[in-house]
Every structure is written in C-alpha cells, then in structure tokens.
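# Inside the fold
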Amino acid sequence: MVLKLILTLFCWLSVLPIVYGLNFGIYYNNLIVFVYVLLLLLMFALSRQSTKIVICLLFFVSYLILPNLPNEASLRRAGNFFIIFAAFLPSLWLLRSTVITMPSVEKTQKLLSDLISTKILSGLQVTSHILGGVLNIGTFPLLSSVIPKNAKSEIRQLAGEAAIRGMNTAVLWSPFFVSFAVGQLYLPSNSAWLGIAFGLLVAFLFNLISMRLLIGKMTLSSLFEALSCVKPILSRLLILSGSVLAVGQIFNKTALNAIVIVIPILVIIQMLRRPETSKLIINNLTHLIKNSGDEMLLISVSMFLGSILSGSIEIQNFITANIGDNFPFWIMIIMLPLIVWFFALLGVHPIITSAPILSLFGPFLSVWEAAFLMQAHLIGWCAGTASSFTSLSVLTTAENFKISIAKLVIGPNLLATGCLTIFGSLLLISLDYFL
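Residues numbered from 1 in each chain as written. Predicted model: local features only at pLDDT ≥ 70, side-chain atom pairs only at ≥ 80, totals over all residues. Heavy atoms only, no water.

## Focus: the overall build of the chain
Convention followed: Runs of E in the DSSP output that reach at least two residues are strands. Runs of H or I that reach at least four are helices, and both are numbered from the N terminus. Atoms counted for the radius of gyration: C-alpha only. Globule rule: 2.2 Å times the number of residues to the power 0.38. Partly exposed describes any residue whose relative accessible area lies between the buried limit of under 20% and the exposed limit of over 50%, with all areas from a 1.4 Å probe on protein chains only and scaled to the type maximum. Here, two residues are considered to be in contact whenever any of their heavy atoms come within 4.5 Å of each other.
Counting its regular elements, the chain contains 23 helices and zero strands. Here the C-alpha atoms of the chain give a radius of gyration of 21 Å, agreeing with the 22 Å that 2.2 N^0.38 yields for 435 residues. In terms of overall dimensions, the chain has C-alpha extents of about 65 × 50 × 45 Å along its principal axes. Counting only residues that meet the buried cut, the chain has 55% of its 435 residues in that class. When contacts within the chain are restricted to residue pairs at least 6 apart in sequence, long-range pairs at least 24 apart make up 83% of them.

Quick look at the structure:
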C-alpha cells in the first residue's frame, strides 16, 4: 500500500508541469508513462476479481481486432493520451478529502436532518444532486449519516434511492466527474462547456419529475425548503465551479486540465485559512489513495486501448464503410445512451461502451453537434452508473444506507433511468431541431 501511495504521488506531481504547459521532452514523458504503467500493474494485482476479468477481456478483444501489435509510435501516443488521469483522479480525491472537513458541510447535514420525515426524501435528492456535483460518491457517507440508526429498512431504501438519483444526475452537468473528462478527450473541448447547459436542463427536469412521481406531492415551498439545506455550501461550490470555468476559458484548457490546475491551489488556500484541517485533509487523501484503484485502472486501460484502436487502419476502414458522413445524427443521440445503459445493467462499466462510440463518431461532428453527443454520453453514463450492480455509486449507497444491492438496482430507479435514456435523448433531438 505504501508503494501504491508513492507511485501515485510521483505520477501526479510529474504530470502537473505538463498540464501547466511545460515541455521537458520525450524522455520525461516516457518516464511518467513507465512509472504509471507500474502503478497500474500494482493496482491490477490489488483489484477486485470482476475488474481483473474486465481488463483481460478488453485486451483480448483489442487483440482480436488488431491483426498486428501496435508499433512504438502508437504505444507512445496512447501513453501520452492516458497519463492525464494520473493527475485528474488524485485531484478529485484531494477535493473530496478537503470538502468533508468544512464546517459548511456539517451545517448542511444538520439542516437536512432537521427536515420532517415527509420532506427529508426530497431534501436528500436535492442535496445529493448539488453536493454530488463536487464530491461524487463521497456524498453518500455524508447523507446517510442524517438517517436515524433505528430507521426502518423501507425508509433506508427510499432514502438510498433518492440519494443515488440526486448524485448520479449531477453527472449530466458537473465537470468533476470522470465521464466529463472522457467526453472531452474525444470531442471538441468547446462542445463540452456547451453541453453543461443542456445537462442542467435535463437534470432539472429529471429531478423535478422523479421527485413528484417517486416521492409524492411537492409544493413550491417544500422545494425551496429542500434547496435551503445546501445554502451553507453554495458559495463554496460556486467559487470552485467558477474557478474551473474561468481557467478553462481564459487559458483555453479542457475541464480535465482546469480541474487539475485549480483544485490544488484552492486546497492550499483552504489549508492557509484553516491550518488545523491540514493534517486531516492529508490523512483523508492518503486513505483514499490507498483504498482506490479499480476506477483509475479501468479508465486508464480503456483510454490506452481506445487510443490505439481509434488510430488503427481496421477501425478507420470500419468507419468509412459503415458510418461516414451519411450516418444520421439523431441515431447517434439515441444509440449512445441506450447502449451504455443496457450494458451497464449487465455489469459493463460505461467507460467500456461509451469511449469507443465517442471515438468513432467524434471526428465527424461540428462543435454544435458534439455538444449534443456529449450530453447523450453523460445521460448514458448517469443512467448506467445509477442502475448497475457493479457501479461504485450503487455499491457505496448500499453500504452506507445499509440496504440490499439487488433492491437498489431492481427498483424504481431502474424504470427512472430507462425513461431518462429515452426521453432525454428525444429532448436533445428536439433541441437540436428547433434551436
């Protein structure tokens, strides 16, 4: 575990100069790739059995597609393509480690626990959505703590379902998710920023409708009461999101690079403001690094193989023969989220299905079209991770709310996410037609 920590920190700090725009030459990059591969091999050895199987299948399928092993140039290009995640994921862990030390988060928990039982479910979904835009799955331990320990299993079940609906729909607009970073790697960077606007609309409609149908009658006053729970943390979230957007636009950086740049700076400022939290933040970060790995492994391997496959002659010939310029754009919008959601129900992580489709369709789209495809990709990722028995969202929710994984997957959220993929796609097609 100590070796894992050392290698992670080395890769993270080594990638930072590249993100800032410095160029130390090919040997420097090769060194980072070499150390990062060692880290991934270590993560593979420590990963879950299901993750090992998926990784082996990815390499086997890639071997079947490619008639020859990739040359040195392809390997070097793929390595430079995926090493950014050596800095991106630890940056998210650093953010999560810092946010949970803030008094404003404790105030949000207190306000949420003070809601009466008839309103706490909508409060959980709203708070989970807004807080989840930054904390991701780190939201679930915080929110589960407001549920009384002697609560009935039915209440825990409803609370867990509401929390996962809220957190996972933050995927639709938040740049602090891996899904957003993956989309930016394959689509024009400007399209991703535009996709945020579409995501806010889809997320708002989904949460409003799902709370009304799955939780019950809702008045405007009860909605505002639920929103008031996040008031203590709202200013911090706006500063964080605004900083990332500003760096991205001013310095022409992708959201992935902007996050890697902004988060360490804001965390250092927070440590200077409240020095007593420094040790706790470092301890939290160390714990997350030592206990994480499957997600980084899956993403990095998928990006590595995706880069090799997308640049191969076989894939290019497939694109020319089967897609080309005449492939209907509206079919892309419908097909992408449905495929990702369907295979996620079978236990296939969205990164496995989404990235190859983006790599195929991305080169043929304008910035405007790519913004819609970006949102379709995020809809599929949201729906898939909210209803898959292998998803970290589902596993973390089940663990923290003390509920059954099976009941969480085969429940109202299954129907809700299915409707999201269909009606969300139709909404995007309509917007593309009328705007």
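Let us keep going from here.
## Section: a nonpolar patch on the surface
Just so we agree on the cut-off: Like-charged residues within 9 Å of one another, or nonpolar side chains (Val, Leu, Ile, Met, Phe, Trp, Tyr) within 5 Å, are grouped into patches, provided each residue has over 30% relative accessible area and no salt bridge. What sets the accessible areas is the Shrake-Rupley method with a 1.4 Å probe; for residues, cover comes only from the shown protein chains. Within this document, salt bridges are pairs made up of a side-chain nitrogen of Lys or Arg and a carboxyl oxygen of Asp or Glu, the two lying within 4 Å of each other.
Residues L201, F204, L205, L208, I209, L213 and L214 make up a contiguous nonpolar surface patch of roughly 620 Å² in combined accessible area. Position of L208 relative to the elements: it lies in helix α11 (residues 189-215). By relative accessible area, L208 is classed as partly exposed at 32%.

## Quick word on helix α13 (residues 231-250)
Rule in force here: To estimate the expected span of a helix, count its residues, drop one, and scale the result by 1.5 Å.
Taking 1.5 Å per residue, 20 residues should reach 28 Å; α13 reaches 29 Å between its end C-alpha atoms and fits that length. Inspection of α13 places P232, I233, L237, L240, V244, V247 and G248 among the buried residues, and these make up the whole buried set. In the stretch just after α13, N252 is the one whose phi turns positive, near 55°.

## Quick notes on the side chain of S174
Rules: The term polar contact refers here to a pair of N or O atoms within 3.5 Å; inside protein, the definition further demands a hydrogen-donor-capable atom paired with an acceptor-capable atom, and it admits residues adjacent in sequence only when both atoms are side-chain atoms.
Inspection of the secondary structure puts S174 in the loop between α9 (153-169) and α10 (178-186). At 3.1 Å, the side chain of S174 and the backbone nitrogen of F176 are in polar contact. Residues contacting S174, with those up to four places away along its chain left out, are G133 and F180.

## Some details on the environment of S221
Of note, S221 is situated in helix α12 (residues 220-227). Between the C-alpha atom of S221 and that of I18, which follows or precedes it by 203 residues, the distance is 49 Å.

## What about the pattern of salt bridges?
One pass over the structure, following the stated rule, counts two salt bridges. Here D114 and K110 are joined by a salt bridge, their closest N and O atoms 2.9 Å apart. By relative accessible area, which is 48% here, D114 ends up partly exposed. Its salt-bridge partner being E276, residue R274 comes within 3.4 Å of it at the nearest N-O pair.

## Description of the packing of helix α1 (residues 2-19) against helix α15 (residues 278-291)
Filter applied, for reference: Axis definition: a line fitted to C-alpha atoms, limited for helices to the stretch in contact. Angles are taken between N-to-C directions and run from 0 to 180 degrees. If an angle is under 35 degrees, it is roughly parallel; if it is over 145, roughly antiparallel; if it lies from 65 to 115, roughly perpendicular; otherwise it is oblique. Put simply, Ala, Val, Leu, Ile, Met, Phe, Trp, Tyr, Cys and Pro go in the nonpolar bin, Asp, Glu, Lys and Arg in the charged bin, and everything else, Gly too, in the polar bin.
Put simply, α1 and α15 touch, their axes get as near as 9 Å, and they point 105° apart. The pairing of α1 with α15 is recorded here as roughly perpendicular in orientation. Contacts between α1 and α15 pair K4, L5, T8, L9 and W12 from the former with L285, T286, I289, K290 and N291 from the latter. Residues that form the contact of α1 with α15 fall into these classes: five nonpolar, three polar and two charged.

## Some points on the nonpolar core
This is how the line gets drawn: We call a set of buried residues a nonpolar core when its members are Ala, Val, Leu, Ile, Met, Phe, Trp, Tyr or Cys and they connect through side-chain atoms within 4.5 Å of each other.
With 139 residues, the main nonpolar core has Y36, F85, F88 and V182 as its most contacted residues. Not counting residues within four places of it along the chain, the set of residues in contact with Y36 comprises C11, F82, I83, F85, A86, M296 and S300.

## Points about the state of the cysteines
Where we set the bar: By definition, disulfides here are pairs of cysteine sulfur atoms that lie within 2.5 Å.
For the structure shown, the criterion picks out zero disulfides. Of all cysteine sulfurs, the one in C419 lies closest to C382, which takes part in no disulfide; the gap is 13 Å. Using a relative accessible area of 2% as the deciding quantity, one classes C382 as buried.

## Considerations on the environment of I164
Note that I164 resides in helix α9. Apart from the residues within four sequence positions on either side, I164 is in contact with F140, A386, S393, V394, T397, L408 and N413.

## As for the packing of aromatic side chains
To keep things clear, this is the line we draw: A pair of aromatic rings is counted whenever rings of Phe, Tyr or Trp (Trp by its six-membered ring) have centres within 6.5 Å, and the orientation is called stacked for planes under 30 degrees apart, edge-to-face for over 60 and tilted otherwise. Ring-over charges, as used throughout, are those where CZ of Arg or NZ of Lys falls within 6 Å of the ring centre and within 35 degrees of the ring normal.
Inspection of every chain in the model, using the stated rule, returns seven aromatic pairs. Consider the rings of Y433 and F434, whose centres lie 5.0 Å apart with planes at 90°: the pair is edge-to-face. Exposure remark for F434: the relative accessible area of 68% places this residue in the exposed category. Of the aromatic side chains, those joined through ring pairs into one cluster are F198, W368 and F372. Over the aromatic face of F44 sits the side chain of K52, whose NZ or CZ is 5.9 Å from the ring centroid.

## Here we look at the packing of α11 against helix α23 (residues 412-434)
Test applied: By convention, the crossing between two helices is left-handed when the near helix turns anticlockwise from the far helix through less than a right angle, and right-handed when the turn is clockwise.
Two numbers describe how α11 lies on α23: the axes approach to 11 Å, and their chain directions differ by 140°. When the axis of α11 is compared with that of α23, the two are oblique. Where α11 crosses over α23, the handedness of that crossing is right-handed. In this structure, α11 uses F198, L201, V202, L205, F206 and L214 to contact α23, whose residues at the interface are P412, A416, L420, L427, L428 and L431. The residue makeup of the contact of α11 with α23, split by class, is twelve nonpolar, no polar and no charged.

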